[in-house]
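Coordinate analysis (summary)
Okay, here's what each chain looks like letter by letter:
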Amino acid sequence: SQQGEEDPQALSIQEGENATMNCSYKTSINNLQWYRQNSGRGLVHLILIRSNEREKHSGRLRVTLDTSKKSSSLLITASRAADTASYFCATVLTDSWGKLQFGAGTQVVVTP
Amino acid sequence: NAGVTQTPKFQVLKTGQSMTLQCAQDMNHEYMSWYRQDPGMGLRLIHYSVGAGITDQGEVPNGYNVSRSTTEDFPLRLLSAAPSQTSVYFCASSLTSGSGIGGELFFGEGSRLTVL
């Protein structure tokens, strides 16, 4: 079974709007990472947040982590058509550092 | 600096055939891994390696074999292809921290395999 699960599965928004997606996981983690995948391409790393961190920013991206609820969120502000992609959360477990486990992803479509 | 390079990009096999997917990285990363991506299931870890001569199984290792003779290369072998192995395969590498992943994964562009 998957460690991380994203919600929603799909999201459609207009340019300029904010996009928020959530990730829930099941067991204790060392860190949580978010990746983007454009259609037909490999995954690209966006942000890594460690278990002792609560919030991180990178440009228009904001990630939060709540270890008590075993959940994380990714916020993309002022969305652009180029943000159209699938977004995945992935976790490194505290007892399994060799494995980065991915969720099924959120498909985001940003229309001009 | 090429990053992670996968070959071939596309491959069609018949059931029972064997083949090797190649993966090479030029970033001197100790950690390398193989994932498969199927619709609606995200990425699932097949095998990984934390350094030359060291490999371990992921979530879905059956039907696949790996070896790590150099830091740069991490080939994935399909021993006897089955239709259930039709998928997109991604190789990824990272720095290590101890015996695991030290940070972000760098991905190749994928190898699209169809088994008839």
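Details of the structure are given in the entry above.
Residues numbered from 1 in each chain as written. Chains lettered and ligands numbered in written order. Predicted model: local features only at pLDDT ≥ 70, side-chain atom pairs only at ≥ 80, totals over all residues. Heavy atoms only, no water.

**Comments concerning the nonpolar core**
Residue and element names in this part refer to chain A. Filter applied, for reference: As used here, the term nonpolar core means buried Ala, Val, Leu, Ile, Met, Phe, Trp, Tyr and Cys residues forming a set that is joined through side-chain atoms within 4.5 Å. Only protein chains enter the accessibility calculation, which uses a 1.4 Å probe; a residue is then buried when its area is under 20% of its type maximum, exposed when over 50%, and partly exposed in between. Numbering goes from the N terminus for both helices and strands, where a helix is a DSSP run of H or I of at least four residues and a strand is a run of E of at least two. Residue contacts follow a heavy-atom distance rule, with two residues in contact if any of their heavy atoms lie within 4.5 Å.
Counting residues in hydrophobic clusters, the biggest one holds 22 residues, and the most contacted among them are Met-21, Leu-32, Trp-34, Leu-74, Ile-76 and Tyr-87. Secondary-structure elements contributing two or more residues to this core are strand 3 (19-25), strand 4 (29-37), strand 5 (43-50), strand 7 (61-66), strand 8 (71-76), strand 9 (85-93) and strand 11 (106-111). In contact with Leu-74, other than residues within four places in its own chain, are Ala-19, Thr-20, Met-21, Trp-34, Leu-46, Leu-61, Arg-62, Val-63 and Tyr-87.

**Here we look at the interface of chain A and chain B**
To keep it simple, the criterion reads: Using a 1.4 Å probe, buried area is obtained as the accessible area two parts lose upon being combined, added over both of them. Every case where a carboxyl oxygen of Asp or Glu lies within 4 Å of a side-chain nitrogen of Lys or Arg is listed as a salt bridge. Counting of polar contacts relies on pairs of N or O atoms within 3.5 Å, with two restrictions inside protein: one atom must be capable of donating a hydrogen and the other of accepting it, and residues adjacent in sequence are counted only when both atoms are side-chain atoms.
With 20 residues of chain A in contact, the opposing surface of chain B contributes 23 residues. For the pair chain A and chain B, the summed buried area comes to about 1,700 Å², and 53% of that belongs to carbon and sulfur atoms. The interface formed by chain A and chain B contains 1 salt bridge. At the boundary of chain A with chain B, the tally comes to 6 residue pairs in polar contact (both at pLDDT 80 or more). Of all the secondary-structure elements, those providing two or more residues to the side of chain A that touches chain B are strand 4, strand 5, strand 9 and strand 10 (96-102) of chain A. Looking at which element gives the most residues to the side of chain A that touches chain B, the answer is strand 10 of chain A, with 6 residues.

**Quick look at the sheet that holds strand 6 (residues 55-58) of chain A**
Residue and element names in this part refer to chain A. Basically, it comes down to this: In short, DSSP must find at least two bridges between two strands for them to pair. Between the N-to-C directions of two axes lies an angle of 0 to 180 degrees, each axis being a line fitted to C-alpha atoms and, for a helix, fitted only over the stretch in contact.
With antiparallel pairing, the 5 strands of this open sheet are ordered in space as 1-3-8-7-6. Because the sheet does not close on itself, it has two edges, and the strands there are strand 1 (4-7) and strand 6. The average angle at which neighbouring strand axes cross in this sheet is 15°, direction not considered. When strand 7 meets strand 8, the two strands line up antiparallel, connected through 6 bridges. Among the inter-strand pairings, Leu-65 is bridged to a residue of strand 8, identified as Ser-72.

**Things to note about the environment of Ala-24 of chain B**
Residue and element names in this part refer to chain B. Note on placement: Ala-24 falls in strand 3 (residues 19-25). Judged by relative accessible area, which is 28%, Ala-24 ranks as partly exposed. C-alpha of Ala-24 to C-alpha of Gly-3: the two residues are 21 residues apart in sequence and 8.2 Å apart in space.

**Describing unusual backbone geometry**
Following Asp-7 of chain A, the chain continues into Pro-8 of chain A via a peptide bond in cis, with omega recorded as 0°. By the element assignment, Pro-8 of chain A lies in the loop between strand 1 and strand 2 (10-14). At Ala-78 of chain A, a position not held by glycine, the phi torsion is positive, near 50°. Tracing the chain through its elements places Ala-78 of chain A in the loop between strand 8 and strand 9. Judged by relative accessible area, Ala-78 of chain A falls into the partly exposed class, the value being 38%. Unlike most non-glycine residues, Asn-28 of chain B shows phi in positive territory, near 60°. Mapped onto the elements, Asn-28 of chain B comes out in the loop between strand 3 and strand 4 (31-37).

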